[in-house]
2 protein chains.
Amino acid sequence: MLPEDLQIISVDDHVIEHPRVWLDRMPAKFQDQAPRIERADDGNDWWIYEGQKAGNFALNAVAGKDPKDFGMDPRSYDDMLTGCYDIAERIRDMDREGVWAQLCFPNMGGFAGRVFWQSKDRELGQECVRAYNDWILDEWCAHDPDRQIPLVMLPFWDVEASVAELQRTLEKGARSATFLEAPHRLGLPSFHSDHWDPLFAVAQEAEFPLSVHFGSGGGELTMAPDANYTVSIAMMGMNSMAAMIDLLLSPVFHKFPGLKFALSEGGIGWMPYALERADYTWTRHRWYNDVNKEVPPSELFKDHIYGCFISDHAGIEMRHRIGVDNIMFESDYPHSDSNWPHTRKVVEEMMTGVPENEVRKILEDNARILYNFPRNPERSPVA
Amino acid sequence: MLPEDLQIISVDDHVIEHPRVWLDRMPAKFQDQAPRIERADDGNDWWIYEGQKAGNFALNAVAGKDPKDFGMDPRSYDDMLTGCYDIAERIRDMDREGVWAQLCFPNMGGFAGRVFWQSKDRELGQECVRAYNDWILDEWCAHDPDRQIPLVMLPFWDVEASVAELQRTLEKGARSATFLEAPHRLGLPSFHSDHWDPLFAVAQEAEFPLSVHFGSGGGELTMAPDANYTVSIAMMGMNSMAAMIDLLLSPVFHKFPGLKFALSEGGIGWMPYALERADYTWTRHRWYNDVNKEVPPSELFKDHIYGCFISDHAGIEMRHRIGVDNIMFESDYPHSDSNWPHTRKVVEEMMTGVPENEVRKILEDNARILYNFPRNPERSPVA
């Protein structure tokens, strides 16, 4: 049994933006190009951006459906739970699954805002980021600030603008920003460059963790073109694995000893292997490589990297090789990995045999500390 | 302590071909283009193929060196252990590290023969593969057949020619062939196609496992161009992870229920996570995907995939999640991952707490069964 007063925090869930998110918040000059929903003749709703189709919901809004009804087909707002896009209903859906608070990633613009980066008009893209942030902060998270951890987007293609947006949203209560797991895959400077230093400096100063969702760095590993989509989803966590190894062998954490990265949806069961392997290669190859010579990657990990899981028996069994302070939980509502509304049952089963002090860290306290998101003692302990 | 009569088998080691491997075995018409060694002005030995520089030994021949002397600089035959290229010395080096038998991958042509695939003249490439196989079978492995598991190369760019070469070398005693872990990354048909079926059919019929070395499928994941080389080496096992997931969600093992793949140098610590994740996504996404609906990936794994480790504490701790019948050991002599001459000490430490019947499987019996390489009862049990 989970402790009765536990407030489960999920660090990776998703919004489906409602149709007026951008229309209500974009400057007049960009009204025509702002993301808007159009219902096609087949009854499906499509995002139109800069005059072109820019995505649908498909697998990203399937919570509550039987997996036999999953598919890549486009969907409409009528064909999803209201909690996907309505915050009052979302809170009720969280009550149903037994999750107290959650951190939501964006949908329409991609996990880290890649769609806006690809804008023909970058100024427009930047305004879309700002409008999204105003919506997530002022409408979605403001509805019940004890139950939503505010995660914002950055115009990552412009470091100065990213710093400015981070500072602007920090003042409005942002607790994390979504960021790229492998910027070099988008053709941007890598973690081995100095390019991101101004942004990392501000994040470190504000004790503001960056949340890196799998697939946010330019998509997937090189799949066979004829591989079925199950392969892609099964491999997706490898993007987090690559990001972790890359970061731990980069100069980032040596330059910014207070900076923290959360690897979202990547799982944790691979971490013991990856840390051991990183240490093994670091031990042998550091001498002729441009890599820090003093601190092994696994030591660096403890202060800088946080993983999370949905269902990961291997990871929980190996939790002491990872470190129970570095593990968090996620529900992934309303994506296809989610167990909604049976989330609490799945979590409870995962925590079988785990001592209560560790359960508290993994399911609540680690997220509260990392995201600087304290309990409100005025609220009833559970939903 | 390891059992006294144990004959440790390493399933991933490497030859450095001596300078006359091809010169002595190529048809007259190809003598001019055959791979040959030339010593450059700086004292380093370079392979020249089709008139151009085609590689050196660098990190691939460093066994016995202090890691502080590792580097990407080219080397000469004078700057490596004689056992790299001389089979009599190799056996003595195996005695020094306490390894009874080993399976060696090629060096000059790449793990799976990619250099020959890239030949301007494909007929020449095919002759180079044949010459390598004749050398590894007739000279290297024939020296002491109880102590070398013969692994051959295939002209993989031509399935019919591969079948013919497999049949030819089978008759000469080959026990495995090196193959691609991700043929699609070379622009060849993937495991999801029917392209490889004739080859897989012959391999299945002959109970002939395919050995897939990490990095054999077209190299590495997308690294940052300015990432240091430690990142690349630390991530290399992810290629094996991708290959395993891809294979288990492909039609290959449903078409060939007797076919087996050994994932070489990929490690094993990530397997419990990858199997759990593959099952999780298969459970949810199989309905709308072209993937077998009956057998979960983790069930398929048991009969088809074998992993190996050099040093992998997480993997050994999780061995029952993997299956002790699917785990083998490797020394990696003379590459930079090797612990030569301290191999036996490292293995012994890794096996602390593992019951003797499992130690025997992992360090000897699994390899003997998979590669159909029985003990010779006439030989003294240990070197």
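The structure presented is a predicted model; accordingly, all values stated were derived computationally and were not measured.

Reading the values: the criteria
- Residues numbered from 1 in each chain as written.
- Chains lettered and ligands numbered in written order.
- Predicted model: local features only at pLDDT ≥ 70, side-chain atom pairs only at ≥ 80, totals over all residues.
- Heavy atoms only, no water.
- Contact = heavy atoms within 4.5 Å.
- Buried area = accessible area lost by both parts, 1.4 Å probe.
- Salt bridge = Lys/Arg side-chain N within 4 Å of Asp/Glu carboxyl O.
- Polar contact = N/O pair within 3.5 Å; in protein donor to acceptor, adjacent residues only side chain to side chain.
- Helix = DSSP H or I, 4+ residues; strand = E, 2+ residues; numbered from the N terminus.
- Phe/Tyr/Trp six-rings, centres within 6.5 Å; stacked < 30°, edge-to-face > 60°.
- Buried < 20%, exposed > 50% of the residue type's maximum accessible area, 1.4 Å probe, protein only.
- Pairing = 2+ DSSP bridges.
- Core = buried A, V, L, I, M, F, W, Y, C linked by side-chain atoms within 4.5 Å.
- Least-squares fit on C-alpha atoms with pLDDT ≥ 70 in both.
- Axes fitted to C-alpha atoms, helices over the stretch in contact; angles between N-to-C directions.
- Parallel < 35°, antiparallel > 145°, perpendicular 65-115°, else oblique.
- Left-handed = near helix turned anticlockwise from the far one by under 90°.
- Nonpolar A, V, L, I, M, F, W, Y, C, P; charged D, E, K, R; others polar.

Engineer: Mind showing me how you'd approach the interface of chain A and chain B here?
Structural biologist: How big an interface is tends to be stated in terms of the accessible area lost upon association of its parts. Residue-level contacts link 65 residues of chain A with 65 residues of chain B. Taking both partners together, chain A and chain B bury about 5500 Å²; carbon and sulfur atoms supply 60% of that area. Here chain A and chain B share four salt bridges between them. One salt bridge in this structure joins Glu317(B) and Arg321(A), with 2.7 Å as the shortest N-O distance. Linking chain A with chain B are 38 residue pairs in polar contact (both at pLDDT 80 or more). Counting only elements with at least two residues in the side of chain A that touches chain B, the list comes to helix 6 (229-235), helix 7 (237-248), helix 9 (271-285) and helix 11 (313-317) of chain A.

Engineer: Honestly, the packing of aromatic side chains in this entry has me stumped. Any pointers?
Structural biologist: Both the distance between ring centres and the angle between the ring planes are used here to describe each pair of aromatic rings. Residues and elements named next belong to chain B. Across all of its chains, the model carries 38 aromatic pairs over all chains by this definition. Taking 6.1 Å as the distance between ring centres and 40° as the angle between the ring planes, the aromatic pair formed by Trp117 and Phe156 counts as tilted. Of this pair, Trp117 sits in helix 2 (residues 114-117) while Phe156 sits in the loop between strand 7 (151-152) and helix 4 (159-171), placing them 39 residues apart in sequence. By relative accessible area, Trp117 is classed as buried at 14%.

Engineer: Where do I start with the pairing of strand 5 (residues 101-105) of chain A in this structure?
Structural biologist: Walk down a regular strand and you will see the side chains alternate between the two sheet faces. Residue and element names in this part refer to chain A. The element strand 5 is largely enclosed, with a buried count of five among its five residues. Of the pairings in the sheet, the one linking strand 1 (residues 9-14) to strand 5 comprises four bridges and is parallel in character. In the strand pairing of strand 5, Ile9 is matched with Ala101. Sheet topology note: the strand 5/strand 6 (residues 148-149) ladder contains two bridges and is parallel. Looking at strand 6, one finds that Leu103 is bridged to Ile149.

Engineer: How do you make sense of the nonpolar core when you look at a structure like this?
Structural biologist: Considering soluble globular proteins, one finds that nonpolar side chains tend to be buried as a cluster. Core analysis: the biggest nonpolar cluster contains 213 residues, and Trp22(A), Phe261(A), Met351(A), Trp22(B), Phe261(B) and Met351(B) have the highest contact counts within it. The residues touching Phe261(A), leaving out its near neighbours within four places in the chain, are Phe179(A), Phe191(A), Phe200(A), Leu210(A), Val212(A), Leu247(A), Phe253(A), His304(A), Ile305(A) and Tyr306(A).

Engineer: Explain the sheet that holds strand 2 (residues 36-39) of chain B here, please?
Structural biologist: Sheet strands line up and pair through hydrogen bonds in the backbone, either parallel or antiparallel. Residue and element names in this part refer to chain B. Overall, antiparallel pairing links the three strands, which are arranged 2-3-4 in an open sheet. Two strands bound the open sheet, and with one partner strand each, they are strand 2 and strand 4 (52-53). As judged from the two bridges shared by strand 3 (residues 45-49) and strand 4, these two strands associate in the antiparallel manner. Bridge pairing in strand 4 places Ile48 opposite Lys53.

Engineer: How do you make sense of the relation of the copies chain A and chain B when you look at a structure like this?
Structural biologist: Comparison of the two chain copies shows a relationship of rotation about an axis with a shift along it. With an RMSD of 0.0 Å, the fit of chain A onto chain B corresponds to turning through 180° and sliding 0.0 Å along the axis. Here the symmetry operator amounts to a two-fold rotation axis. Taking C-alpha positions as reference, the residue of chain A nearest the rotation axis is Trp270(A), located at 2.4 Å. When the interface residues of chain A are mapped onto chain B, 100% of them again fall at the interface, so both copies present the same face.

Engineer: Is there a simple way to explain the packing of helix 4 of chain B against helix 5 (residues 197-205) of chain B in this structure?
Structural biologist: Any two packed helices are characterised by the angle at which their axes cross and by the distance between the axes. All names here are of chain B. As a packed pair, helix 4 and helix 5 sit with axes 8 Å apart at the nearest point and diverge in direction by 15°. Judged by the inter-axis angle, helix 4 sits roughly parallel to helix 5. The interaxial crossing formed by helix 4 with helix 5 has right-handed handedness. Contacts from Val159, Ser162, Val163, Leu166 and Gln167 in helix 4 reach Pro198, Leu199, Val202 and Ala203 in helix 5. Partitioning the contact of helix 4 with helix 5 into residue classes produces seven nonpolar, two polar and no charged.

Engineer: It is not clear to me how the packing of helix 9 of chain A against helix 10 (residues 297-304) of chain A should be interpreted in this structure. Could you clarify?
Structural biologist: All names here are of chain A. In the contact formed by helix 9 and helix 10, the axes pass within 8 Å of each other and the chain directions differ by 135°. Regarding the angle of helix 9 to helix 10, the classification is oblique. Residue-level inspection shows Met271, Leu275, Ala278, Asp279 and Trp282 of helix 9 in contact with helix 10, the latter providing Pro297, Ser298 and Phe301. Counted by class, the contact of helix 9 with helix 10 contains six nonpolar, one polar and one charged residues.

Engineer: Honestly, the side chain of Glu165(A) in this entry has me stumped. Any pointers?
Structural biologist: Residue and element names in this part refer to chain A. Residue placement: Glu165 occurs in helix 4 (residues 159-171). Here Asn133 takes part through its side chain, which lies 2.8 Å from a polar atom of the side chain of Glu165. With sequence-adjacent residues up to four places away left out, Glu165 is seen in contact with Val129, Arg130, Asn133, Met153, Leu154 and Pro155.

Engineer: What is the right way to look at unusual backbone geometry in this model?
Structural biologist: Most peptide bonds adopt trans geometry, and most residues besides glycine take a negative phi value. Across the junction of Tyr333(A) and Pro334(A), the peptide omega takes the value -5°, indicating a cis bond. As for its position among the elements, Pro334(A) is in the loop between strand 12 (327-329) and helix 13 (343-350). For the peptide bond that leads from Trp340(A) to Pro341(A), omega is 0°, which places it in the cis range. The topology assignment puts Pro341(A) in the loop between strand 12 and helix 13. Of note, the phi angle at Ala58(B) is positive, near 40°, even though the residue is not glycine.

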